[in-house]
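Structure assessment
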Amino acid sequence: MSAVDQMRAMLDQLMGTSRNGETDGRNHVRFDDASVCRSFLLDCCPHDILEGTRADIGACAKVHDLALRADYNAAQKQRDYFFERDALEHLKEFIGESDRKTEMSKKKLAAVQDELTEDATEKMNEIHQLGEQIGTKLARAEELGATGEVEESLRFLEEVENLKKEKQGLELEFRNSISASSYQQQKLRVCEVCSAYLGIHDNDRRLADHFGGKLHVGFIKIREKLTELREIVDEKLKKREKEREERNRRG
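These remarks concern the structure in this document. Note that residues are indexed from 1 along each chain, following the sequence as it is written. Note on the predicted model: pLDDT of at least 70 is required for a residue's local features to be given, and 80 or more for side-chain atom pairs to be given and counted; whole-chain, interface and lining totals, by contrast, use all residues. In computing side-chain values, all of the structure's heavy atoms are included and hydrogens and water are not.

Brief notes about the overall build of the protein
Only DSSP runs of H or I covering at least 4 residues are called helices, and only runs of E covering at least 2 are called strands; the numbering of each starts at the N terminus. Check the secondary structure of the protein and you find ten helices and two strands. Going residue by residue from the N terminus, the α and β elements of the protein occur as α-α-α-α-α-α-α-α-β-β-α-α. Think of it in three bands: residues with accessible area under 20% of the maximum for their type are buried, residues over 50% are exposed, and the middle band is partly exposed, with areas taken using a 1.4 Å probe on protein chains only. Split into buried and exposed, the 251 residues of the protein put 39% on the buried side. In what follows, residue pairs with any heavy atoms lying within 4.5 Å of each other are defined as contacts. Pairs at least 24 apart in sequence give 72% of the contacts found in the protein among residues at least 6 apart.

Okay, structure coming up:
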């Protein structure tokens, strides 16, 4: 994108389709047209969030335009369009399909792995949880270091070292709790957030790349937005029902 295009996009995002005093000729639809992506207007369309990742699902079939988002944000201050309900249904469908794929991957993995004892399963889960904490904190430390926040970055790195020692101890306990053949089969698991495969012995770099990567972070954003939208829609529906009951009493 050229510098001119970047500037135009910034102006569209800030001022909407009427930034030149009249409706921009590039736009043939209003923000509330059915052809416009409601999830995009709320900045949570999976097509945008996961673009360029392993889970890239291509371009959205509906209109995405930063100027229309600006129009929506301005209009929403005057009237509640309740687009959260449409976005909620979109994300529910997307995450539902993602979770089904995760379950299928887990079943395929389970089919080639020996069943573990309850104690061994608990240890393995703890190892994976520690791996997630290590990867997340290491990615955060690198992020802080890149912005010059050295002391805070070092604090995270110290936490990473402590977690690594704890993980190594658990790995030894886990290895001693099962047979050698079972140990070899238990190296993989499926990430519950983004469906990617993770190894029990993944190194720090691999863990940081995964938990701090666009794919995993993108799925976290989508899942958190889904939870937020559920709460918003539920609250608004209750409010509307209460208002309807009050109108009926007055009528």
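Next, the rest of the story.
Things to note about the pattern of salt bridges
Counted as salt bridges are all cases of a side-chain nitrogen of Lys or Arg within 4 Å of a carboxyl oxygen of Asp or Glu. Inspection of the entire model under this criterion finds 25 salt bridges. Residue Arg100 pairs with Glu97 through a salt bridge whose shortest N-O separation is 3.0 Å. Of this pair, Arg100 and Glu97 both sit in helix α5 (residues 84–111), three residues apart, which is roughly one turn of the helix. For Arg100, a relative accessible area of 48% corresponds to the partly exposed category. Among the residues examined, Glu97 registers a relative accessible area of 36% and is labelled partly exposed. Among the ionic pairs, Glu152 bridges to Arg155, the shortest N-O distance being 2.6 Å.

With respect to the packing of helix α6 (residues 118–146) against helix α9 (residues 204–211)
Fitting a line to C-alpha atoms yields each axis, with helices limited to the stretch in contact; the angle taken between N-to-C directions then spans 0 to 180 degrees. One way to put it is that α6 packs onto α9 with a least axis distance of 7 Å and a crossing angle of 80°. In this view, α6 runs roughly perpendicular relative to α9, as classed from their interaxial angle. On α9, the residues touching Gly131, Glu132, Ile134, Gly135, Thr136, Leu138, Ala139 and Glu142 of α6 are Asp204, Arg205, Leu207, Ala208 and Phe211. Residue polarity is assigned by list, with Asp, Glu, Lys and Arg as charged and Ala, Val, Leu, Ile, Met, Phe, Trp, Tyr, Cys and Pro as nonpolar; anything else, Gly included, falls into the polar class. A breakdown of the residues in the contact of α6 with α9 according to their chemical character gives six nonpolar, three polar and four charged. Any angle from 65 to 115 degrees is called roughly perpendicular, while one under 35 is roughly parallel, one over 145 is roughly antiparallel, and all others are oblique.

Description of the environment of Glu132
Along the chain, Glu132 falls in helix α6. Among the residues examined, Glu132 registers a relative accessible area of 32% and is labelled partly exposed. Apart from residues no more than four positions distant in its own chain, Glu132 is found in contact with Arg189, Phe211 and His216.

Quick look at the packing of α5 against helix α10 (residues 214–250)
Running from N to C, α5 and α10 point in directions that differ by 140°, and their axes come no closer than 9 Å. Looking at the two axes, α5 sits oblique to α10. Here the hand of the crossing between α5 and α10 comes out left-handed. Two secondary-structure elements touch here, α5 through Glu84, Arg85, Ala87, Leu88, Leu91, Lys92, Phe94, Ile95, Ser98 and Asp99 and α10 through Phe219, Ile222, Arg223, Lys225, Leu226, Leu229, Arg230, Ile232, Val233, Lys236, Leu237 and Arg240. The class makeup of the residues in the contact of α5 with α10 is twelve nonpolar, one polar and nine charged. Two helices cross in a left-handed way if the nearer one is turned anticlockwise from the farther one by less than a right angle. They cross in a right-handed way if the turn is clockwise.

A look at unusual backbone geometry
Positive phi is not limited to glycine here, since Asp43 has a value of about 60°. Position of Asp43 relative to the elements: it lies in the loop between α2 (38–41) and α3 (46–49). For Asp43, a relative accessible area of 40% corresponds to the partly exposed category. The backbone of Phe82 sits at a positive phi, close to 55°, despite the residue not being glycine. Considering the arrangement of structural elements, one finds Phe82 in the loop between α4 (66–76) and α5. Residue classification places Phe82 among the buried positions, given a relative accessible area of 4%.

Brief notes about α4
Listed as buried for α4 are Ala67, Leu68, Arg69, Ala70, Asp71, Tyr72 and Ala75. Two N or O atoms form a polar contact when they lie within 3.5 Å of each other; inside protein one atom must be a possible hydrogen donor and the other a possible acceptor, and for residues adjacent in sequence the pair counts only when both atoms belong to side chains. Capping of α4 at its N-terminal end is provided by Asp65; its side-chain oxygen lies 2.8 Å from the backbone amide nitrogen of Ala67.

Some thoughts on the side chain of His210
Assignment of secondary structure puts His210 in helix α9. Residues contacting His210, with those up to four places away along its chain left out, are Cys191, Cys194, Ala196, Leu198 and His216.

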